[in-house]
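# Remarks on the overall topology
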Amino acid sequence: MLKTTPFHARTAPLVLGLAWRRWAGYAVASVYDWLHDREYAAIRNAAALIDVSPLYKYRITGRDAARLLDRVVTRNIGRLAPGQVTYTPWCDSRGKVIDDGTVSCLAEGEYRLTCADPLLRWLHQNAFRMSVQIEDVSESLGALALQGPLSRAVLDEVVESPLGSLAYFRVARNRIAGVDVQISRTGYTGDLGFELWVPAADALRVWDALTTAGSRYGLTPAGIWALDIARIEAGLLMADVDYTSAHRAVAESQMSTPYELSLDHAVALDKPVFNGRDALVAENASGPAWRFVGIEVDWVSFEALFTGRGLSPSLPTVAWRTSVPIYRNGRQVGYASSGCWSPLLKKYIALAHVRAPHFAPDTPVEIEVTVDHERQRAGAWVRRLPFFDPPRKRA
Amino acid sequence: MAQVWDVVVIGGGHNGLVNAAYLARAGRKVLVLERRHVLGGAAVSEQIFPGFTFSVFSYVVSLLRPEIIRELDLPRHGLHILPLESTVTPLPNGDYLGAWGDPDLTRRELQRHSPRDADASIEFGRLMYHMARAVKPILGMIPPDPTSLSPGDVKGLFALGGHLRSLGAEQFHALYKLMTMSSADYLDEWFEFEPLKATKSASGIIGAFLGPRSPGSAYVLLHHYMGEIDGAYRAWGFCKGGNGSVSGAIASAARSFGATLRTNAPVRQVLVRNGRATGVVLDSGEEIEARVVVSGLDARRTYLDLVESRELPPDLLEQVRRFRFRGSSGKVNLALSELPDFTCLPGVGAHHRGAISISPSVDYLERAYDEAKYGEFSRRPYMDIVFPSMIDPNMAPPGRHVASIFVQYAPYHVNGGWTDAKREAFGDAVIDTLSEYAPNLKSAILHRQVLTPADIEATLGLSEGNIFQGELALHQLFFLRPAARWASYRTPIRGYYQCGSSSHPGGGVMGAAGRLAALRILAET
């Protein structure tokens, strides 16, 4: 049996299509309704509730908590004040990315690290001779993402102390339905949104309070299919989909550096010591060999491949997560790792790794598409990420 | 100093705005003149009742051409299309017929009523896919005149002939039938379950002064099937913020290309000198000079009201006078304290997020038409109802709702003419009929707006309140829309063009006429 999340008793009866997926050994809904259109629309148009409990979560406390994190991640944690959250990758000593996630400073000397893969052993290895406690709270803490333009209106109705102007990438304690929760202004959709960190034992009370208040705001539980489209539009990469963890890769060619993943903003080279720093300093000087970019498929050329065979263009209804070659002037210059039709932007988009020097925005490239069982190439352009970045996200 | 515009577009409806956007994008200096205080024509969202936003007239999107969305990058300008997944037809016996977003769910629902129809609907869906594909290139084509030998027309006919030949016999014959039959007869060849035939054939009467058994209604049905969203034909969506947001996005695109958009600027007349349009004069007396004048208004206004008849050949005037409008649809918009609770599906459910169709049988629709034929509104009308607030919660205050009810028939030429009392009686007939299926409706109404074809004409200027700027009848389509020899967006007056739905390919918030007219103007001026 797969594990179930603390919200399972509420989510299970809603999964009408019985479409579940595995995430870190848990069962979560791929889609609740028969189709995911409406769940995706809720993220961009109203409010969506996404169970993200399977994230790995570590509570790191003690005198050296910041020192440990500063050694592990590429961002500067010493500068993170209580109530602040930051997004960061972390690397091995060769500067190859192991995983990425968020670090929240909950209080002086108290942090929460979230990640896609387990990290306990790595944290302990790095904590040698430090005064720090590392607690795996993955199972005791449920997590709900409340995302969408009306998410604040829903939250305002249920919080016991006013939300005020909880700014982008800030976290605060609050109470919902008598339950102590932490609310962070974060998410994986690129939209206005929040994540709620809830004690597993009281998770259902929080779910009920949110869904009851949310019914007047079009709040819709959303599964991973909907989330996947939103995160591609937002240009947010996914570990083990868009890149291979340095801890899992078997050949160095499979690994990526933060610069190759276009995460420059999350690398604090001014920090004296952290894993991979030397390699990253060198790479920063020479320039990365790869970049992680957006790809926009040229619809006119895409459509022509189909009409030439008496077909209408067939679009993926669910985001794909396969490696798809990118060409330029007849030569392969990279590969896309995720893609989808964006119902919002009305564009066929993808996230891709492209080699130097072909990664400049608006470079014309080609992407492989299968038409009538045959491999064809459609025109496309390299685009700057994110594809979608509404002002409300930070407002 | 008076400035001379490259182009003045009369009418800030969606086609006028599309036209202006394309011309401005090509570098022309464009001015749009809209008579009302708000842009959008029949695609407007207005707060008729405080806190409640109505898509006052047109209310869904499907036909808006994907090339326009792409070429003007309308999503960047705020176009956000949300899914409208289902159609539920409540039945007098307390049951219902549902067509849901998921094909398996729909098939199972049909099987409940008729296993044969459930199978037939799969084949029918494939045929409609082929038909929509067959029609698609025609929608993007400036109609060639089959009687002309001009190189452009001959080339167009050649392309058209090649396209029709490429369809193959089976599809060509199906297309021919759809162009000529009644929707009820056509559907009889496919289905047996009466509410299914009625609900499908209802697409064939929308905006037309036809019953489901009138020949020609099958084409109107096809017209409503050829829309596409995200590559899926026949997909209908709801625009976030109502259909005013469609116009808003196009207007924003037009402005971003440098077009100037003026509201409260009613045009009285097009100025013509030596057979050439030179500008317009407003009701206020202000004269505006332009090298090209484009009318987004319907054919009657474009040819009979805006220019002096001496400027036009008499045979054209005669054709335009005979161009049939005969508006047949009304609209009822409601602000609601709660959703209607349908007896057939109690409580709030998925059906509230799609369309509700009051079309229990073909006879029901035909009877509704019978009353209209003899000059009365239908006492028990056909209705297509959506609850926009269930799709975009911002359309109403939290927990409250809006309903948009498209109603047929409300004939423009009603016996004794439309009066306030007659309008309210029509509104009562709508509410009474709907209350039979949702008894709580009356007590939930906070505000009611009733619009007859006469109101549509008075508010928007659409002649006889026809929502398509003229009926989509076979003799008023393609190279005959709006008149023989003048179906290519030109008029006999040099520098005077038409870009409204009175020209090919007609109405339905497509924008195609506005775009094709712009391409014509850019090629010629």
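## So, the overall build of chain A
What chain A contains, in helices and strands, is 9 helices and 20 strands. Relative to the 2.2 N^0.38 estimate, which gives 21 Å for 395 residues, the radius of gyration of chain A is 21 Å and therefore close to what a compact globule would have. The principal-axis extents of the C-alpha atoms in chain A amount to approximately 60 × 50 × 40 Å. Taking all 395 residues of chain A together, 50% fall into the buried category.

## With respect to the confidence of the model for chain B
Regions with low pLDDT carry predicted coordinates that are not meant to be interpreted in detail. Residue-level pLDDT values for chain B average 94, and 99% of them are 70 or greater. Across the whole predicted complex the pTM is 0.95, and at the interface the ipTM reaches 0.92.

## Topic: the sheet that holds strand S8 (residues 110–115) of chain A
Residue and element names in this part refer to chain A. Read across the sheet, 5 strands follow the order S6-S7-S8-S5-S9 without closing on themselves; strand pairing throughout is antiparallel. A strand with exactly one partner marks an edge of an open sheet, and here the two such strands are strand S6 (85–91) and strand S9 (133–136). The sheet shows a mean angle of 25° between the axes of neighbouring strands, direction not considered. Pairing geometry for strand S7 (residues 97–107) and S8, over 4 bridges, is antiparallel. Bridge assignment links alanine 107 to a residue of S8, and that residue is glutamate 110.

## A closer look at the sheet that holds strand S15 (residues 290–297) of chain A
Residues and elements named next belong to chain A. Strand order in the closed barrel formed by 6 strands is S15-S18-S17-S16-S19-S20, with antiparallel pairing between adjacent strands. When the angles between neighbouring strand axes are averaged without regard to direction, this sheet yields 40°. Here strand S16 (residues 324–328) pairs with strand S17 (residues 331–342) via 5 bridges, running antiparallel. From the neighbouring strand, arginine 328 faces S17, where its bridge partner is arginine 331. With respect to the sheet, helix H7 (residues 224–233) is in contact with S17 and strand S18 (347–355), its orientation differing from that of S17 by roughly 125°.

## Focus: the interface of chain B and chain A
At the junction of the two partners, chain B supplies 18 residues and chain A supplies 20 residues. For the side of chain B that touches chain A, the per-class residue count stands at 7 nonpolar, 4 polar and 7 charged.

## Description of the packing of helix H8 (residues 194–202) of chain B against helix H13 (residues 362–373) of chain B
Residue and element names in this part refer to chain B. Between H8 and H13, the least distance of the axes is 8 Å, while the angle of their chain directions is 45°. Looking at the two axes, H8 sits oblique to H13. Contact residues: H8 offers Glu194, Lys197, Ala198, Ser201 and Ala202, while H13 offers Val362, Tyr364 and Leu365. Classifying every residue of the contact of H8 with H13 by side-chain character gives 5 nonpolar, 1 polar and 2 charged.

## Some details on the domain arrangement of chain B
All names here are of chain B. Per the domain assignment, the segments of chain B are domain 1 (4–44 + 243–324 + 470–524) and domain 2 (107–230). Each of domain 1 and domain 2 was reduced to a C-alpha centroid, and the two centroids are 29 Å apart. Contact with domain 1, which involves 17 residues of that partner, is made by 15 residues of domain 2.

## Focus on helix H10 (residues 244–256) of chain B
Within an α-helix, residues lying three or four positions from one another point in the same direction, as the helix has 3.6 residues per turn. All names here are of chain B. When the terminal C-alpha atoms of H10 are compared, their 18 Å separation across 13 residues agrees well with the 18 Å that a helix rising 1.5 Å per residue should span. By the criterion of burial, H10 is predominantly enclosed, with 10 of the 13 residues buried. Within H10 the residues assigned to the buried category are Gly244, Ser245, Val246, Ser247, Gly248, Ala249, Ile250, Ala251, Ala253 and Ala254. Positioned one or two residues after H10, glycine 258 has a phi angle of 105°, which is positive.

## Describing the pairing of strand S19 (residues 364–371) of chain A
Residue and element names in this part refer to chain A. Both S16 and S19 contribute to a ladder of 2 bridges, which runs antiparallel. Paired with tyrosine 327 across the strands is glutamate 366, a residue of S19. Hairpin remark: S19 followed by strand S20 (residues 374–383), antiparallel, with 2 residues in the connecting loop; positive phi at aspartate 372, about 55°.

## A closer look at unusual backbone geometry
Cis geometry marks the peptide bond from Leu385(A) to Pro386(A); its omega dihedral reads -5°. Omega for the peptide link from Arg481(B) to Pro482(B) comes to 0°, which places this bond in the cis form. By the element assignment, Pro482(B) lies in the loop between helix H17 (453–460) and strand S20 (496–498). Positive phi, normally seen in glycine, also occurs at Asp362(A), with a value near 75°. Note that Asp362(A) resides in the loop between S18 and S19. In this structure Asp362(A) comes out as exposed when scored by C-beta crowding, with 9 C-beta atoms within 10 Å. Unusually for a residue other than glycine, Asn274(B) sits at a positive phi of about 50°. Mapped onto the elements of the fold, Asn274(B) is located in the loop between strand S12 (267–273) and strand S13 (276–282).

## A word on the domain arrangement of chain A
When the domains of chain A are assigned, the result is domain 1 (3–54 + 139–222), domain 2 (57–129) and domain 3 (252–256 + 289–383). Computed from C-alpha atoms alone, the centre-to-centre distance between domain 2 of chain A and domain 3 of chain A is 35 Å.

## Some remarks on the environment of Asp102(B)
Mapping Asp102(B) onto the fold places it in the loop between strand S7 (96–99) and helix H3 (103–113). Residue Asp102(B) is classed as partly exposed on the basis of its C-beta count, with 15 C-beta atoms lying within 10 Å. When the C-alpha atoms of Asp102(B) and Glu85(B) are compared, they prove to be 8.4 Å apart, with 17 residues separating the residues in sequence. For Asp102(B), the contacting residues outside a window of four places in its chain are Trp34(A) and Leu35(A).

## Here's the deal with the packing of helix H4 (residues 115–139) of chain B against helix H6 (residues 169–180) of chain B
The axes of two packed helices give the description: the angle between them and the distance between them. Residue and element names in this part refer to chain B. Two elements in contact, H4 and H6, have axes separated by 10 Å at closest approach and are oriented at 85°. With respect to H6, the element H4 is oriented roughly perpendicular. Between H4, through Leu127, His130, Met131 and Ala134, and H6, the contact on the second element is made entirely by Gln171, Ala174, Leu175 and Leu178. The residue makeup of the contact of H4 with H6, split by class, is 6 nonpolar, 2 polar and no charged.

Cut-offs applied
- Residues numbered from 1 in each chain as written.
- Chains lettered and ligands numbered in written order.
- Predicted model: local features only at pLDDT ≥ 70, side-chain atom pairs only at ≥ 80, totals over all residues.
- Helix = DSSP H or I, 4+ residues; strand = E, 2+ residues; numbered from the N terminus.
- Rg over C-alpha atoms; globule rule 2.2 N^0.38 Å.
- Buried ≥ 20, exposed ≤ 12 C-beta atoms within 10 Å, placed from the backbone.
- pLDDT = per-residue confidence, 0-100.
- Pairing = 2+ DSSP bridges.
- Axes fitted to C-alpha atoms, helices over the stretch in contact; angles between N-to-C directions.
- Contact = placed C-beta atoms within 7 Å.
- Nonpolar A, V, L, I, M, F, W, Y, C, P; charged D, E, K, R; others polar.
- Parallel < 35°, antiparallel > 145°, perpendicular 65-115°, else oblique.
- Domains from an automatic or database assignment.
- Expected span 1.5 Å × (residues − 1).

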